[in-house]
Amino acid sequence: IKGDRKAPYTIGWANIYSVPTWMKQTEGTITAEVDELKKAGLVKDLMITDAQGNAQTQIQHIQSMIDANVDAIVVIAGSSNALDRVISDACDKGIAIVNFDSLVNTDKVTAKINTDSAEWGGAAAKWLVGQLGGKGKIIVMNGPAGISVSDDRRKGAQPVLDANKDIEVITETNSEYNVAPAQEAMTSLLFANQEIDGVLSLGGALSAGSVLAFDRQGRDQVPITGENARQFLELWKEKGLKGWATMQPNWLGAFSVYTAVQALEGKTVPAFIKVPLPVIDDSSVESYLARAENFPADGYIYSDYDKALFDKLLAQ
Amino acid sequence: MTLATSSSLYRAVQRRRNRGLLGLYIVVTAFLILYAVLFPGILSVGGFSKFTQNWFPLALVAMAQALLMLNGGITLAIGPMVSLGAVIAATTMGGPLGTFGGFLAVAAAGLCIGAATGAIVALLRLPAIIVTLAGSFIISGVALIMLPRPGGFVPEWLSTLLAGHTPMAFLLLVLILGLWKIFLATPLGLGIYAAGDNPVGAYRSGVPIDRVKIVSFALSGLLAALAGLFVAAQTGSGDPIIGTPFTLNSIAAAVLGGVGFLGGKGTMRGAVCGSLLLSVMINVMFFLGFPPVAQYVAQGLIIVGAVAVPELLGRWRTNR
Amino acid sequence: MTEVRPILEARGVFKGFFGNPVLKGIDIALQPGRVHALLGENGAGKSTLINLLSGALTPDEGTIAIDGKAVARLSPSMARAAGIGVVQQELSLASQLSIAENIGLGAYPKRFGLIDYRALARGARDVCELVGVTEPLDTPVSSLSLGRRQMVEIAKALFAKPRVLILDEPTSSLSAHEASVLADVIFTLRDRGVAVLYISHRLNEVRALCSHVTVLKDGGITADRSLDGIDGEGLVRLMVGRETGALFPPRPDIVPGPLRLRTKGFSAGIVRDADVLGHAGEVLGIGGLVGQGQEDLLLGLYGAIPARSIETKIDGQSGLPNNVAAANAAGIVYVPADRKHEGLVLTHSIASNIILPSLAKLARRGLRSRGAEADMIGDLARQLMIKGDVARPVQALSGGNQQKVALAKWLPLDPGVLLLNDPTRGVDIETKREIYKMLRRFTGEGRLVILASSDTPELVHLCDRVLVLREGRVVLELRGDAITEEAIVGAAMGIEADGETRIVREEVAQ
Amino acid sequence: MSLLKTILRNPPLLTFLLVALVWLVAGLTLRGFGAFGHLRYLLELASVIGIAAAGQTLVILMGGIDLSVGAVITVTAILLPLLSPAWDPTGLVGVVLALAIAIGIGFLNGLGAAVLRVPPIIMTLAMATFLQGVLVLVAGGSAVTVQNPAVILLGQTRPLGVPAGVVLWVVVSAVVLMLIHRMPIGARFLALGANPLAARLSGVSLTRNTLILYSLSGFFAGLAGILLLGMNRQGYVGIGDPYLLTSIAAVVLGGTSILGGRGTYAGTIPGALLLVTTTALITVVNASPGWRSIMFGSLILGLLLISGREARR
Ligand SMILES: Nc1ncnc2c1ncn2[C@@H]1O[C@H](COP(=O)(O)OP(=O)(O)OP(=O)(O)O)[C@@H](O)[C@H]1O
Ligand SMILES: Nc1ncnc2c1ncn2[C@@H]1O[C@H](COP(=O)(O)OP(=O)(O)OP(=O)(O)O)[C@@H](O)[C@H]1O
Ligand SMILES: [Mg+2]
Ligand SMILES: [Mg+2]
């Protein structure tokens, strides 16, 4: 962090795509946090851009933020390496950069904040193996191909699967992180495979789609992993699933803004902040569902957060 | 009146082609001026370089698309071709081929895949739109197999050369436009217009329309692959899906630039101008502080307006 | 006959489309220094034959020989390289390219692999001067009128200095002046030893230009002889195969009926301040050089282009129609000159084209009635002698038959005013006669026919009254026996421009 | 011999035969593929594409293209739950309102294309962008679970074992085929598609028909959106995206000329089936995503080689 940067700060939020619900919710936590910080006199302005899913446009936006000389940039990367150069440019200009969710490769950032995708996959696989008693035929549902998050989660699951030779992955498919395509893909797989003991689903909407597919084809539900998508959690309860879920908390956005401001204020922040994965199981699913009404129907019920939690994470 | 001197025929033809584009030129200039007012830094070498770098790949794919549309075709495989170009660059340049070999590999892949697509369209007489749709799946599949997740390697010096603080991208664009001009001054190049406009007539006049089609697909593939190479250099690595949004944007840029679907109508400079409008619009909206909602809405309105306003003005003028 | 070796020959060629034979064993030999006429009714296969001669089509059987040597697979570029220049019936121009770029297409002069624009301009200027194309060479072809495009097409054929020049109905959209320029060009080339093949339905042109004739009929050759000692009647007999009557029906002496159309101060396109009157039962001719506003006048009355007037009454209704549907509803119909682009949906069937304007009329409760449609189509096809299956695409019809379809489709609407733009362009003499008869029948039924024509004899012999346009203004009105070729051409070219323009005005009744 | 000729000359029939062939081969070789339930499911999936492609067929026949199909589907699916008033037990009010909005969007497309003379591809692309903005604005772009009884009925019931969506598709097919082949307006669309100038001079109003056409396209996209919502019980942003390219692909695979003026919805129906079948085939094949993408592209290309023959000049 260089230059004459004094509160109140201008913060740029370079989103890759604002339309999906997860992004809208994340943006909600960011604006809420900014409002807080404005009250505290720390933030003056928030500039929001939406690259409409185009990494090239995102580069252009970040370049414009550099040109406009914002004090901090909070970013979800549209590609794990496409932004490297423009971000290191921004870093050279002394702008505080906090990158969360989809991370960039370069280390020339103020902080990277994320949960561990490999751990996500590993934990999910472990739970499923446990459910099946270490033996059975499973289907793996992946997110879209060519995306690091999807790839990392799958990689994280592999060692667990390797360690349990009696778990057979009968087939594996990729789908958008959306209910309809996931349901469509799972339905086809259901017809092709009569015996399925479990589903290792590596994304929230994917799980909801799978459950719906089992339901509509009149098949008995099997143990399934997933994410904190409200629809999945509701189905979990409605169908009495054997389920397990974790999440990519939306408040990573708020936390990133908080971190950026802390850094601008001269606090040292860790270069990499690993946010522990909250886990939802039979014991906690009710508590999440109790808050469901506060979240959109196709949204994600994230765990609670507060300043204390942020400070604790920063103190790592 | 015949021309006074025969040497000015070429220039006269060129000048006439500019005439229909006046409306677009005015719109683009207005946006550029607005941008310069909002962000004077664009007038510095660094600002100019960065801006043109971000515009460059879109300009290339707009050219790649316009080339085919002028010939009466279209391609939906632009995006995957960009991705593949980036992937080949990022996977070969670190290997035994070296940087130059990697460059050649990208160019060869673009040319060959383009020519193959063109051959299927021309010789089997299949509709280009659906052949290239199928092609887009095949090409993106290849890109995913070569590089399942973002990564690879592009030498730092290449990135600095192409996407550093020099207006290299702009110079390259000027160079490519110059080459296009030269190509248009060859019988084969002009054949693209003739065959796109009136294929039967062109065939009867002795224009080898199948060869023209294959060549235009090949060149279009080359341009798209080079756009991919540039993206790889700009980002320092490859990404198997980075090109996806380019497909629709290339069509939008070309049509904004006055290139018609039925072939033969439009100019390359129009398409490049269309891409410039799409690109500068993003920056202008940022500096005007538009929130995302307004960005979407304004983008829709600007695109429609850029086509409709010159049209309405023209009609108003003729009706008076 | 002297033994001159032909430059280009067809020997026993057969060609059919989808199993329908068009040419059945045709021989034709083009000799240097001779203008050879190829005659035949619409659909006889003339264009098909020249497509074979120029490599655009390959014969099913038989050979094409150049300089006595049979050529295996002639392609258009080979033909062009061998010195065969063709002016196709359908234009082969690229509309967005300039005149010069079109003229050189397929035969550009090159320097270092690039088009040598300097040489192109020189060559193009020479041929343009020859045929009288005076527009700047950089003008895009799209901004030229049909007649000018035709001249560019001719210049294009001449550009590569051909040894054989094939012209397929080159004069059908040319003015009299342009046609005479072309005639001079043809004579010059003939004297230089070029072999010319000339196709036209205008027999006086054929007699003036050609010395030898081949007549096609029913896929075979009915005559291949010198033109010496044949008069016009004889030529027609060769083509039709029987004795024929007069081309133009007699002009009836009946008094024109009440006014059907009156417009004062009419302006549309380049037409300014025209006053037009039209009575029931008359053929009103519109003459002038090509592109003097004849088309704009018709389109304006038809509501297809913006038009205004001080006062207009059509069949008792006042005001100009402001769109085509309104014009149709008021009983006004229009037959365009460029039937391929404006008159017909070429790729659709004859039946669909005929039915298009009367779809709504024949529909019952919002649904099309197949029976009623078939009846109507069959009726019209019989009435107009359109032969063959009506489910064929219109583009498979010959030019003359296409024109019949373009006209026929309007008849079910029972129009009161017919606006016809050069309806006999490219139509063979028999069909012409039929069309003329039909027009007279229409007027006999009390309709008004407004006929713009580039064929002056048509104006002279068919029309009851003629308006001559120049630069968008009505410069002359003629009626009855005062309608002569001299008067029309004189006014069209502005020959008495320094004197007072003679306008024979009718009293504006009512 | 002549039978073979008739088939080869008739793209819709050819495409149907192709679908049957693929089903037969896949049913014999792949476990579970040929099961009645699976085929029925494929039909159900195809019905959404088929209905969305109904409007697209009309637009393409008239020489245009509608790139806002996906956005209209999404907008309808997201707006419908918000538009269904609680006092209406049938849910029809919400359906009518949502369809009215879809038609309105189409009408705006038509206005742009006919009156402003913006090329349809640009107009509809801009409209799609515009709608994204609207989505962000409406309810923060998020969906509400559908409670509308009419929509749930449409998406979930199976009268006589046939999914209601398939029934809807049959009705839509009948209407569209009727419109193209038995109604004056169909002939007008085709004439405008093949030669707008000649059609205009024959008294076919370009403005009027363009407005009707894009309104129809909006209507069918809206209908597809409602069906999709019923099948998923929940709309979400992006739910319509896959249907943009598939609707165009179904039309072209069915032998309709992308340049307009030639084709029929009878080809689009098997075209939609073919796409769904191919996707299902690819899903059950166990391969890496790259290879699956390659297989899908090659299959489309291969099928095109067989069914696209007619497009030869
Ligand atoms: N591409 C084609 N496909 C099918 N039939 C065709 C084709 N071209 C020509 N024909 C048919 O071949 C016959 C001869 O046509 P052609 O154009 O050679 O006649 P033409 O003598 O030039 O007539 P016109 O004087 O009207 O120009 C016509 O019956 C026409 O229907
Ligand atoms: N494709 C076109 N190119 C140039 N001018 C056109 C075109 N279409 C229409 N016009 C002009 O716009 C005017 C109105 O045309 P429009 O298309 O609205 O008429 P229409 O559709 O035939 O009739 P309606 O008013 O019943 O819709 C016409 O007078 C014509 O001059
Ligand atoms: Mg002919
Ligand atoms: Mg109108």
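Everything that follows concerns the structure shown earlier in this document.
Residues numbered from 1 in each chain as written. Chains lettered and ligands numbered in written order. Predicted model: local features only at pLDDT ≥ 70, side-chain atom pairs only at ≥ 80, totals over all residues. Heavy atoms only, no water.

**Focus: the nonpolar core**
The cut-off we apply is this: We define the nonpolar core as a collection of buried residues of types Ala, Val, Leu, Ile, Met, Phe, Trp, Tyr and Cys that are connected through side-chain atoms lying within 4.5 Å of one another. Burial classes follow relative accessibility: with a 1.4 Å probe on protein chains only, a residue under 20% of its type's maximum area counts as buried, one over 50% as exposed, and anything between as partly exposed.
Of all hydrophobic cores here, the largest spans 456 residues; its most connected members are Phe232 and Leu233 of chain A together with Tyr302 of chain C. If you look at the next biggest cluster of nonpolar residues, it comprises 28 residues, including Val13, Ile50, Ile64 and Ile66 of chain C.

**Observations concerning the site of ligand 1**
All names here are of chain C. The test is simple: Consider each residue's heavy atoms; a residue with any of them within 4 Å of a molecule or strand counts as near. Here a polar contact means two N or O atoms within 3.5 Å. Within protein one must be a hydrogen donor candidate and the other an acceptor candidate, and residues neighboring in sequence count only if both atoms are side-chain atoms. The Shrake-Rupley method, run with a 1.4 Å probe, gives the accessible areas here. Residue values count only the displayed protein chains as cover. Only runs of H or I of at least four residues qualify as helices and only runs of E of at least two qualify as strands under DSSP, and these elements are numbered from the N terminus.
Near ligand 1 there are 19 residues, and of these Asn42, Lys46, Ser47, Thr48 and Ala396 occur at the shortest range. One of the backbone nitrogen or oxygen atoms of Gly45 is found 2.9 Å away from an oxygen atom of ligand 1. The separation between an oxygen atom of ligand 1 and a polar side-chain atom of Thr48 is 2.6 Å. Computed on the free molecule, ligand 1 has an accessible area of 630 Å², of which 78% lies beneath the protein chains in the complex. Elements supplying a minimum of two residues to the shell around ligand 1: helix H1 (46-53) and helix H15 (399-408).

**Here we look at the arrangement of the chains**
Note the threshold: In what follows, residue pairs with any heavy atoms lying within 4.5 Å of each other are defined as contacts.
Between all 5 pairs of chains that are in contact, chains B and D come out with the most contacts. One finds no contact between chain A and chain C; the C-alpha atoms of the two approach each other to within 35 Å at their closest.

**Things to note about the coordination of the magnesium ion (ligand 3)**
All names here are of chain C. What counts here: The donor set comprises N, O and S atoms within 2.8 Å of the metal, extended to 3.2 Å for Na, K and Ca; water molecules are omitted, so apparent gaps in a site may simply reflect that omission.
In this structure, Ser47 (OG) and Gln89 (OE1) serve as the protein donors to the magnesium ion (ligand 3), at separations of 1.9 to 2.0 Å. Remark: Gln89 occurs in the loop between strand S6 (84-87) and helix H3 (99-104) and Ser47 occurs in helix H1; sequence separation between them is 42 residues. With a relative accessible area of 24%, Ser47 lands in the partly exposed category. Here Gln89 falls in the partly exposed class, since its relative accessible area comes to 26%.

**A short note on the packing of aromatic side chains**
Definition in use: Only centres within 6.5 Å qualify two rings of Phe, Tyr or Trp (six-membered ring in Trp) as a pair; their planes then separate them into stacked at under 30 degrees, edge-to-face at over 60, and tilted for everything else.
Counted by the stated rule, this structure contains 24 aromatic pairs over all chains. When the centroid spacing of 4.9 Å and the interplanar angle of 35 degrees are considered together, the rings of Phe255 of chain A and Phe310 of chain A count as tilted. A residue pair is termed long-range when its members are at least 10 positions apart, and Phe255 of chain A in helix H9 (residues 252-264) and Phe310 of chain A in helix H11 (residues 307-314) qualify at 55 residues. The burial state of Phe255 of chain A is the same as that of Phe310 of chain A; both residues are buried. With centroids separated by 6.5 Å and ring planes inclined at 85 degrees, the aromatic side chains of Tyr302 of chain C and Trp410 of chain C adopt a geometry described as edge-to-face. Here Tyr302 of chain C, found in the loop between helix H9 (294-301) and strand S16 (307-308), pairs with Trp410 of chain C, found in the loop between H15 and strand S20 (417-421); they are 108 residues apart in sequence, far enough to count as distant. Classification of Tyr302 of chain C by relative accessible area gives buried; the value is 0%. Counting every residue linked through ring pairs, the aromatic cluster contains Trp251, Phe255, Tyr258, Phe295, Tyr302, Tyr305 and Phe310 of chain A.

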